[in-house]
Structures are given as C-alpha cells and as structure tokens.
Amino acid sequence: MEVLGHFNYWVVVVLMMIGFYALIARGNLIKKIVGLNIFQASVFLLFITLGKVTGGSAPIIAEGITVYSNPLPHVLILTAIVVGVATTALGLALVVRIHESYSTIEENEIADMDREP
Amino acid sequence: MEKHWLVRPKTIRLLWIVMLGVLAVTVLLQLGIEIHGEFHIDETFGFGAWYGLGTCAVMVIGAKILGAVIKRKDTYYD
Amino acid sequence: MISGLPPGLILIAGAVAIPFVGPTIRKGLVLALPVLTLALIWGTGIDAGTVWSAPFMGYAVSPVRYAPTGMLFATVFSIMAFGGALFALRSARPSEMAAAFLYAGSAIGVVFAGDLITLFVFWEIMAIGSTMVVWNGSSDAARRAGLRYALIHFFGGIVLMIGLIGHIEATGSITFDVMQADAWPRWLILAGFLINAGAWPLSSWIPDAYPEASPAGMVFLSAFTTKTAVFVLLVGFPGTQALIYVGLFMIFYGIIYALLENDMRRILAYSIVNQVGFMVVGIGIGTEMALNGAAAHAFAHIIYKGLLLMSAGSVLYMTGKRKCSDLGGLFQSMPITATCGIIGALAISAFPLTSGFISKSMINQSAADQHMMVVWLLLTAASAGVFLHAGIKFPWFVFFQKDSGLRPPDPPWNMRAAMIFFAALCLLIGVFPQPLYALLPAPVAFVPYTGAHVVGQLQLLLFSGLAFFLLLPLMKRTLTVSLDVDWLYRRAAPAVIAWIARDLRELSDGVLGGTRAQVGSIIDSMAHYHGPAGLLARTLPTGRTVFWVLVILAAFLVFNFS
Amino acid sequence: MIAQFPALQVVIPLLGAPLCIILRRGALPWLIALLVSWAALAMAATLLSQVADGEIISYALGGWLAPLGIEYRIDTLNAFMLLLVAGTSSAVLPFAYKSVAKEIPQDRHYLFYSGFLLMLTGLLGMAITGDAFNVFVFIEISSLSSYAMIAMGRDRRALSAAFTYLVMGTVGATFFLIGVGLIYAVTGTLNMADLAERLPPLYQSRTVLAAFAFISVGILLKLALFPLHLWLPNAYTYAPSVVTAFLAATATKVAIYLLLRFGYTVFGAEFVFNIVPASEVLLTLALAGVIIASFVAIFQSDVKRLLAYSSVAQIGYIILGISYANVTGLTASIVHIFNHAVTKGALFLVMGCVAYAAGACRLESFAGLGKRMPLTMAAFVIAGLSLIGVPLTAGFISKWYLVLGAMEKGWWPVAAVILATSLLAAVYVWRVVEIAYFRDAPADAPPLSDPPLALLVPTWVLTGACVYFGIETSLSLGFAEQAAIQLMGGG
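All residue numbers here refer to positions counted from 1 along the written sequence of the relevant chain. As a convention, the first chain written is A and the first ligand written is 1, with the rest following in written order. It should be noted that, the model being predicted, local features are given only for residues of pLDDT at least 70 and side-chain atom pairs only at 80 or more, the latter also being counted only at that level, while totals for whole chains, interfaces and linings use all residues. Note that water and hydrogens are dropped before the side-chain values are worked out from all heavy atoms of the structure.

## Quick notes on the overall build of chain A
For clarity, the cut-off: Helix and strand definitions follow DSSP, with helices as H or I runs of at least four residues and strands as E runs of at least two, each counted in order from the N terminus. The quantity called the radius of gyration is restricted to C-alpha atoms. Its globule counterpart is 2.2 Å times the number of residues to the power 0.38. For the exposure calls, accessible area comes from a 1.4 Å probe over protein chains only, and a residue counts as buried if that area is under 20% of its type's maximum, exposed if over 50%, partly exposed in between. In what follows, residue pairs with any heavy atoms lying within 4.5 Å of each other are defined as contacts. Using the Shrake-Rupley algorithm and a 1.4 Å probe, accessible areas are obtained, with residue cover drawn only from the displayed protein chains.
The secondary structure content of chain A amounts to five helices and zero strands. If you list the helices and strands of chain A from N to C, you get α-α-α-α-α. A globule of 117 residues ought to have a C-alpha radius of gyration of about 13 Å, yet chain A, at 20 Å, is considerably larger. Here chain A, with 117 residues, has 36% of them falling under the buried criterion. Across chain A, contacts joining residues at least 24 apart in sequence account for 43% of those joining residues at least 6 apart. If you sum the accessible surface of chain A, you get close to 6,700 Å²; carbon and sulfur atoms cover 70% of it.

## A short note on the pairing of strand β1 (residues 57-60) of chain D
All names here are of chain D. Let me state the cut-off plainly: Any two strands with at least two DSSP bridges between them are considered paired.
Where burial is concerned, the two faces of β1 differ: the one with I57 and Y59 is buried and the one with S58 and A60 is not. The pairing of β1 with strand β2 (residues 71-74) spans four bridges and is classified as antiparallel. Within β2, the position partnered with S58 by the bridge is R73.

## Describing the packing of helix α16 (residues 374-388) of chain D against helix α18 (residues 412-438) of chain D
Residue and element names in this part refer to chain D. Note the threshold: Working convention: axes come from line fits to C-alpha atoms, limited for helices to the stretch in contact. Angles between N-to-C directions cover 0 to 180 degrees. If an angle is under 35 degrees, it is roughly parallel; if it is over 145, roughly antiparallel; if it lies from 65 to 115, roughly perpendicular; otherwise it is oblique.
α18 packs onto α16 with a crossing angle of 170 degrees between their chain directions and a minimal axis gap of 9 Å. Judged by the angle between their axes, α16 and α18 are roughly antiparallel. Counting all contacts with α16, which are made through M377, A378, F380, V381, G384, L387 and I388, the residues of α18 involved are S422, A425, A426, Y428, V429, V432, V433, A436 and Y437.

## What about the interface of chain B and chain C?
Filter applied, for reference: Here the quantity called buried area is the total loss of accessible area, with a 1.4 Å probe, experienced by two parts when brought into contact, counted for both. Any carboxyl oxygen of Asp or Glu that lies within 4 Å of a side-chain nitrogen of Lys or Arg is treated as forming a salt bridge with it. Here a polar contact is recorded for every N or O atom pair within 3.5 Å, except that within protein the pair must consist of a potential hydrogen donor and a potential acceptor, and residues adjacent in sequence are included only if both atoms are side-chain atoms.
Taken together, the contact pairs 44 residues of chain B with 52 residues of chain C. Looking only at chain B, the three residues that lose the most surface to chain C are F39, M59 and Y77 of chain B, adding up to 17% of its buried area. Viewed at the interface, chain C and chain B are joined by zero salt bridges. For the pair chain B and chain C, the number of links is eight residue pairs in polar contact (both at pLDDT 80 or more). Secondary-structure elements contributing two or more residues to the side of chain B that touches chain C are α1 (9-29), α2 (47-70) and β1 (71-73) of chain B. Tallying contributions element by element places α2 of chain B first for the side of chain B that touches chain C, with 17 residues. As paired elements, β1 of chain B and strand β3 (residues 480-482) of chain C share three bridges and run antiparallel to each other.

## Quick look at the packing of helix α8 (residues 206-223) of chain D against helix α10 (residues 241-267) of chain D
A pair of packed helices is characterised by two quantities: the angle between their axes and the separation of those axes. Residue and element names in this part refer to chain D. We apply this condition: By convention the crossing between two helices is left-handed if the near helix lies anticlockwise of the far one by an angle smaller than a right angle, and right-handed if it lies clockwise. When residues are grouped by polarity, Ala, Val, Leu, Ile, Met, Phe, Trp, Tyr, Cys and Pro land in nonpolar, Asp, Glu, Lys and Arg in charged, and all others, Gly among them, in polar.
Packing of α8 against α10 leaves a shortest axis separation of 8 Å and a crossing angle of 160 degrees. The angle between α8 and α10 places the two elements in the roughly antiparallel class. Taken as a pair, α8 and α10 cross one another with a handedness that is left-handed. Between α8 and α10, the residues in contact are V208, A211, F212, I215, I219, L220, K222 and L223 and T252, A255, I256, L258, L259, F262 and F267, respectively. Grouping the constituent residues of the contact of α8 with α10 by class yields 13 nonpolar, one polar and one charged.

## Some points on the interface of chain C and chain D
Many descriptions give the size of an interface as the accessible area lost when the pieces come together. Counting from both sides, the interface comprises 47 residues of chain C and, opposite them, 60 residues of chain D. Buried surface at the junction of chain C and chain D, summed over both partners, amounts to about 5,000 Å²; 83% is from carbon and sulfur atoms. Joining chain C to chain D, the criterion identifies one salt bridge. A salt bridge links E434 of chain D to R143 of chain C, with the shortest nitrogen-to-oxygen separation between them at 2.1 Å. Put simply, the parts of the chain that give the side of chain C that touches chain D at least two residues each are α5 (116-135), α6 (140-171), α20 (522-530) and α21 (542-561) of chain C. Residue contributions to the side of chain C that touches chain D peak at 13 residues, all from α21 of chain C. Looking at the side of chain C that touches chain D residue by residue, the class counts come to 36 nonpolar, eight polar and three charged.

## Observations regarding the nonpolar core
Note the threshold: In plain words, nonpolar cores are sets of buried Ala, Val, Leu, Ile, Met, Phe, Trp, Tyr and Cys residues tied together by side-chain atoms within 4.5 Å.
In this structure, F267 and W400 of chain D are the most contacted members of the largest nonpolar core, which totals 460 residues. Excluding residues that lie within four positions of it along the chain, W400 of chain D makes contacts with M57, Y59, I117, M161, I165 and I168 of chain C.

## Some thoughts on the state of the cysteines
Heads up, the condition is: Here, two cysteine sulfur atoms that lie within 2.5 Å of each other are counted as a disulfide.
Enumeration over the complete set of coordinates arrives at zero disulfides over all chains. Of all cysteine sulfurs, the one in C324 of chain C lies closest to C56 of chain B, which takes part in no disulfide; the gap is 18 Å. Accessibility expressed as a relative area gives 0% for C56 of chain B, which makes it buried.

What follows is the structure in structure tokens.
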C-alpha cells in the first residue's frame, strides 16, 4: 500500500493537525500551549523518523554491523526539544502573569477587557 | 467734515471729462502714426480702442453669467 | 572655493540660523543674506558653467550650473528675498522668516540645478518651505488650506518623480536639458511642472492657499513656486505647442475668476495664474523672442506682483480686512500704499513706462511674428482683461470706490520702504529696459517704445478702463466665493466617499444583522474598517491568527504544486 | 585575533548575558551590555571592511569543517546585517539607561540587560551563520528573549501581546524547522553553501517545493508580512520603549535577511522566481500590506501603534523590492532595510522620550508638545520626513530605488502605488505633527520639557543618521548594491 507506506508521515500529519486544532479552536491559554506542544512534537517525530534507517543500528561502531541510523537528526532534535521546553516554560510563565493581571486565562475575556473604551 | 477733494462730485465730473478727452486723443494720435500690423485686422482704425472696449464688455458679461452658476456664499466651505 | 557653493545654500543656511539668533542679528541677517547671494551669483559669472559634480545615489549630480536663464531667475529671486524680508522685517515670526528663506533658497537651488535629481531635491524642499509659510498664517483656515496645498504639491512631486525616474531609466542620463514631450515619462514631467505652474485643472491651490498666509507670507509665496515652474518649463520644454493652449486657458481662467472675486488677495492670486499663463504661452510659442519675453515677464512679474501684494498686505495688516466689500476710500489715509499699489497695477497691466510693458509686449509680438492670429488676438484681449481685473479693479475697490470710513495710517517704515523700493524698480525697468534685456538668455533685438506700439497699447488699456467704469454696475461686490476645481476635493470627493462608506456600512450591517446606529461622517465609517477596533486592525485572538498562517501555507502549497 | 572575530561576534554577547546576572548591582549590567554591544559593533565594522571588496570569509566553528561542522560564512550581506544589528543596539543602549530606569522596576534591570544581550546574540547569530539548523537555534534564542522583553512592558496588555507573539513566533520557527527537515531529507546536508549545490537537480521534487513553502511561510511570519503581521502591532505598542526601538529596527529586518539568504543562496533565484511563483505571491501580499497597513496607520489613536502599522507597510515596501527579481529592486530592498531601521529606530526613540516625559504615547498626549518638547518633536519631524521619503533623507534613497526597480520591470502602476502610499505616510505623520504643533496643551496639563540629554543624544544620533544617509549614500547604498549583485550572481 503506497499510501500507507510512509505511515510515519501520517502520524506526523495527524498530530500536527491536532495541535493546530487546539491552537485555533481553544480559547484557554493553557490548552493553546498544549496544542503548541503537540504541534512541535509532531515535528520532532518527523525528524526522528527521517533519521531511522530500517534495520539500522545505533551509530556506534561495532563488529558486524554495517547499517547505521543517521544520528544527526536525532542530535538536532535534542536541541529542538530543549528549545520547546524553554518555550513552554516561558509560555506558562506568561499565563501565570496574565492570570495575575486579568484573573482569567480565557482569550475572549482578555480581549474584552483590553478593548479600547 | 470736508470731503477729500478727490471724491467731491465736482472733481469726479471733471475727471470724466478729462478721461474722455484723453481717450479721444489716443485714438486721434493714430492719424499721425503709421501702424504696421501683421494681420489686416490690427491695421483698422482705432483697433485697440474698439477691440479693448468690446472684449472687456464680453469678459465682464461672460463673468457675470458664469458667476450666476458658480457663486456661493462666502461661508460655503466653513 | 566659495564660487562652487550652491547659491541657494546661503539662504537655506540662513533659514536654519534664523530661529536661533536674537531679533537684532536676525534683522541684519535677513537683509544681508539675499545681498550676499546676489554677490555670489554675479561674482562667479556666467562662463562658470557646471562648477562641480558629486556622486549621489550612484549618479554624478551637478548641483551648481551657471547658465543665463538660471542666473536671471536667481537674480530676481534674490531681489525678491531682500524685498520680502524688508517687508516682513517686523511682522514675521522667526518661524515664518525661516520658512520663507528655506523656500527662497530652494527656489534658487532649482534654477541652478544642473541635473534632474538636484532639481527634484530642491523642488521638494521648496514644497515644504512654502507649506510652512502658509501654515504661518496661523489661523485654522491657514492650517487646513496649508494641508490641501501640501497634498497637491506632494501629488505633483509624485507625478514628477515617476516621470523623472522613467526618463532616467529610459535614457540613462540625468542632465536637465531640453526634452521632447514624446513619451509618457516626459509627459509626466511636464505635468509635474505644470502643477507647480498653477495650470488648470490643478490651479485652485493658488487662490485657495496663498491668501491664507500672513500679509508678508503671501508676498513670498507669489514669487517662487510658479516662477520656478516657468523656469523649468523654459529650460525643459520650449516650443511645446500644447503649452500655448494651456497658457491661454490659464490667462482667461484667471481673468474671469478674478472678476468674480471679492477678496482682494484672492483677486491677486487669480491674477498670478493669469500672468503665468502669459509666460506659458511664450514658452509654447518657443521662438527666441518668445522665450526671452517669458523670462523677462517672469522677472518683471515677480517684482510688480510682489509690490501689489505688499500693498494689499499693508491694507490687511493695518485694517485686518481683506474683502473688497469691506474696504474703500483708503487712499485718503494711506497715500503711499495707494500710490505704490497703483504703480504695481499699472505695471501688471503693461502700461507704457512700466516693467510689464517692456516684457509682455515681447510675448505678444512673437505671436504676431509667427502669424498666429488667433493667439495674438486672444493675448491682446487678455491684456485688456488684465487691466480690467487687476489694473483697475484692485486699486479701485480697495483705495477708492465708496468710503468705508476706515482711516488707517500707512504701514510701518520697513513696509513702506519695501513698497517704494519695488515701485521704483517697476518704473526703472519700464523706462530703462536695456539692463534687463542684457540679462536675457538670447540677444534682444526688440524695441518696445515705438509710436505705433505705445499708441496701440494706450488705446487698448484706456478703452478697457472706459469699459470698466461703464460696466461698473455689473461688477457690484457680493459676499461670495466662486466654485473652482478645488470644490471637487473639498466638497464632492468627501461627499462621495461618505456616500460609499455609508453604503458599505449598511451592507456590512445588513450582513452581520447588526443594528448599529447610522453615523454619517466619513471618519466614523472609515474608522469602522481601519480604526483601532476596526475589522482590519482588531487585536485578533491567537487562534484566528494561526488560521491565517495555515491559509497562506495552503495557498503557497497550492501555488507550488500547480 | 581578527581571524576569530566571526565566532567572537556571537560569543561575546552570549557570555555577556550571564555576566549581567552575576554582576547584578547598580549600573553594572547596563555598562556590560553597552560595552559588549560596542565591541560587537567594532567587530562587525571590521568584518564589513574585510568583505568590502567582495571576498567571502568562511569560519569553521570549533574547528569542525563544513559541511559537517557549523560554518559561519560572511559575505557583504551578512556583514551589512551584523553592522545594522550591532549599530542599532549600540545606539539604543545609551538611551536605555534612563528609559529603563523609568519604565522597569529596579530589581529587574539586570534581567532586562541580560535578556537584551540574548536578543542581540540571537539576531547576530541569525545573520552570521551558514548552517540552516543553526539558524533555527538562533531564531529561538532571539525570539524567546524578545517574548520575555516584551512582557516587561508597563501595560498589562504587554503580557497578552507577548503571549500572542510567543504562539505565532513558535509556529513560525517550527514551520521553518519543518522546511529545514524536508530539505535535509532530500539532500542530506544542512550547510547552506552545500545545499545551494545539491538543490538544483531536485528542483522538481515535491519535497523541495513543500520545504520552500514551509520555510517561506515561517520566515514571512517572523518578518510580519501582511497578513501574517497580526502579532506585531501589539508587541511594538506595549513593549518597553527601548525594546520597541531595537526590535523594530532589527528583528523583522534580520528575518528579511533570512528570506533573502534562503531565497537566493539556498534555493536560488532560478527556483524561486521561475519554478515557484514567489514573485507574484510576494508582489500581491506586499502591495496589499503597503496599502492596507498605511490606511490602518492613519486611524490609530496611539502613536506607537501608528508607527507599528507603518512598520508593516514599510516591510511591504521591502518585500516589494524583492518581488521585482532584479538587481535594482534587491538593492532597494536591502538599502531600505537599513534606512528604515535607522528611521524607525529614531521614531521609536522619540516615542521613548515622550513616554519618559508624558508617560503615554496616545495622540492626545501630544497636544502642545511642539512647544513644550521642541527638540524631541523636531527629531520626530525629521525622522517623519524620512519615513515619508522626502529628498535628503534616508527614506528618499530607498523610495527612489524602489520606483526605479519597478520602472525597469515596466511596472509603472506599482511605482505609482509606492509613491501614492507615501502620501498616506505623509497623512499619518501629519496627524501627529498637527496635534503637536497646532493644538494647545490642555490648561490642566502638567508642565513638560525635553527629556535629559541621556535620552536626547541617542535620539538625535539616529535622527542625524536619517539625514546623513540621505546625503552620503556610499555606505548604505554602496554595500546594498554590492550585496544585491553578490546575491543575484549566486555568489
């Protein structure tokens, strides 16, 4: 089945859409951050599966192993995960401050409070 | 209060007479001066006089007619 | 080294310095700088040609080019700056004086420009300087008229800039020289020039904005913008036939509107259009004599129009009134102002022995020499019309007519001195035309004072005078303004926009099912779409923003794969 | 030593950030930030002088050679951007001392300067690196720090603005990452120079097409091209004055640099303009942005917000120049990146001065400022003229080249739009000037005067630069032209 051949891509796409849906449709700021995380996770998955070679082993030189997975995407994603964690942390910190100032974390209510008189 | 000499009716009447006299002189002067025009019309006798009088009348009346259409109170844009 | 300095820079530097010096130094400065400019212009000499070039924006620009026409205009501009400064010495605020000097300096910059880029740069600075002069009229009307003025000149600048860049792109040359109006870049350049010349239909900015300036401000305004436009037309488009028709239209437009006008300074503003029309016709005819005539007429015009506006400015300054219907009988208490005003009026009407006679005759004569009978007849009729609308109407209604009961004295000494200086110049040039003729770009073989000429002109003018007094009942002053093209952007366009905006609003209200109250004004309707909480500026929730991202991404992908 | 400048350019600001946190007392963090920024400026100037003759510096980070190691690759465009970023931060940091003291609580100053240096690091890194993934890392460094910096604004709306920016910025950066992943999948390299060699045979590949779409949308979001600009107005309006000035002058500009770098160097002009209809897409969005954002700016009641929308319009101009796909248009874009940075920097510093004195930047608070803060408002007028594009200001140079480029293409309606929208710029600048000079302050207004010299001098340095670069163009225009030729020539 050609369409299902690259099932990893399908997983990525589905995760990405779930993430976007949360971003677009949810007014709760924390849910938005969760959506953002799912979206990012889908991209991490994309990179990781790109580097995986079927039947390949971890890239450690050892006797009798000739097929290795590509380690570079995995290394890159380590960096990206760090960035993602930092973003989440910052986002949550902002939500805390927003809650302190507005006493709500619903986007609509915040927008209503901000509307120019 | 005595009116300024220039605006007394007597002076004004005198000014009209002087002016008509000057007008006559300018036209008559043409008798002594040969005019070389580029066109025929400008060689006619007293061309400046009749042409000036005529065109001015046309312009004033033309302005009057146009004015009837485009004049507005001067507070129009305020 | 000093000879390489762009002469306009002296006045511009003065403009920068004026706000920062004390009143005594300022007075000395504003009188000395124009003289210094004149000395620099003539100290360097015509043979200097293009003095230097410098790299700018990847082109070699030549900001200083000495050429006869430019020097003639620069000379009269310096004289005007001096006379205007003398007139404004006590009444003008520092900001107004600075604006006027920026304006005058950039006008001189234009006439010395050796290339189109320098020309454009000074052209735009001139627009800024003149707008600031209008704003210094310091009334609410001045502010609004100044904004309209600025927008029109900004628009003119846009037209000119598109033309210039198109021209430079097509020819690869930035030299400012004779051009043929044969392709759209040149047409746009010509249009840009004509907007500044006050050509119809974009002429109403002159009577709209100029009379809102201060008494001294309008003296400056009358001199530079339209005359630099005449200068660039003279250098760039001599002999362009379309200009004859444009000019003739300007002439009669000016006369008719001036005849209908009640405000004395608006009368004079319309007569600027009329006089520039004569110059434009001369440029359109394009023979050596016609071009000489246009240049000489510009020279003479700046001085007598300055004089007329000084006279009108003095009346306004002393009485605070500018409507003919409020004025009259002032000759009794303002004899110097009245006399000088009459001399200016005679000069603009080209009475023999005044400067207007020896310059305008050249244009009329060149039309005759080219056997353009219709043009000649129209010009002759127009000469009579000038006497009618400016030569008699202005002094008659302001200084004579009925007695308004006003008895203001003549203005302060500096204003009187400026008027007497200019009145003397009008007469001197009229009696001794040779020095002016020597300045003209081409050698002059024209003899103004022939018997036939003088008699013909006297007949024409005196009989128009007769017509004026005979038709006086038809010219009763009314408290009116006349609609002009500016009606389109002051009344019609806003109304149309308001109408469309209202319709759009109804539409959107209908679609949204809203019951928002109808607010008629344009601003409100526009703000509906563009305001802080408007559709296009609203702080969108994050979700909708992300949605847009996806739309653009999808568009990109569709585009890419199709 | 000079040979190590490419690395030091990024490393010194990066080390300065924790230093600010360690030495948190008094004015020390500010001093560190200032010195670091000036050092960065000196290094950027040196690098620019080294590549001025068209040479390209390649620097292998940590001694790992490209294509496996990270390469810093500096040509005229990179060096020009480095100079712009370091120059702007060097000009606004002296301003920061008093402005930050007024706008941000004392106990957070060291965090502010630390964050500022991180922002600087990120932007310098984006401009200098020759590695596609490294770009992502630097984007995130600069973005994360700028979210935090924006949230430091006094108004609580700064928080929601920062949050929106965080979401949008992350989405943009992640899109960029997806694109990079896709081209890595087909080429097996992340080095830009290497990619440039390996991509041409793959131009028809769907993966490459998709990668281009993701990367462009990601970058367009970061550079706030209409209609992806929605995060920008609030972020600029509510951020602290210094941050707004710095971000407006550099952040979107570096993103535009990335667009140029990926468009011309990585994918290649042939791909971008002939295979993908990027020219048409960019032209449409840019024109829409210029017109709509200019109109929106006219109707704003907060001057900072007005200027923010004007930034969106100006970004439209820059993208317009790119869409011409000729050397003149590209030159116009690059020179406008520079000129607009100088102009907007000056204008937002003026806003900083007004905020310092009057506390707010709403239109009403400008009433009578022409008399009460003459030097500040004079700077506004001059920088405003540059924004409009009046001759002898920097803005005119860009406008001229933008129109010239349009004419070369024969797109004279586009030229007309450019010039007509500068009329709109005149209107929105005029609205502020009118209130400042023609409307008197309310009778009960507290007395105001020009801010202290510490604020005025930096403002006037940038204002002076608006005029200087309008007359002496060999630096701005000269390097822009060289960079444009290098990009177009595939160098």
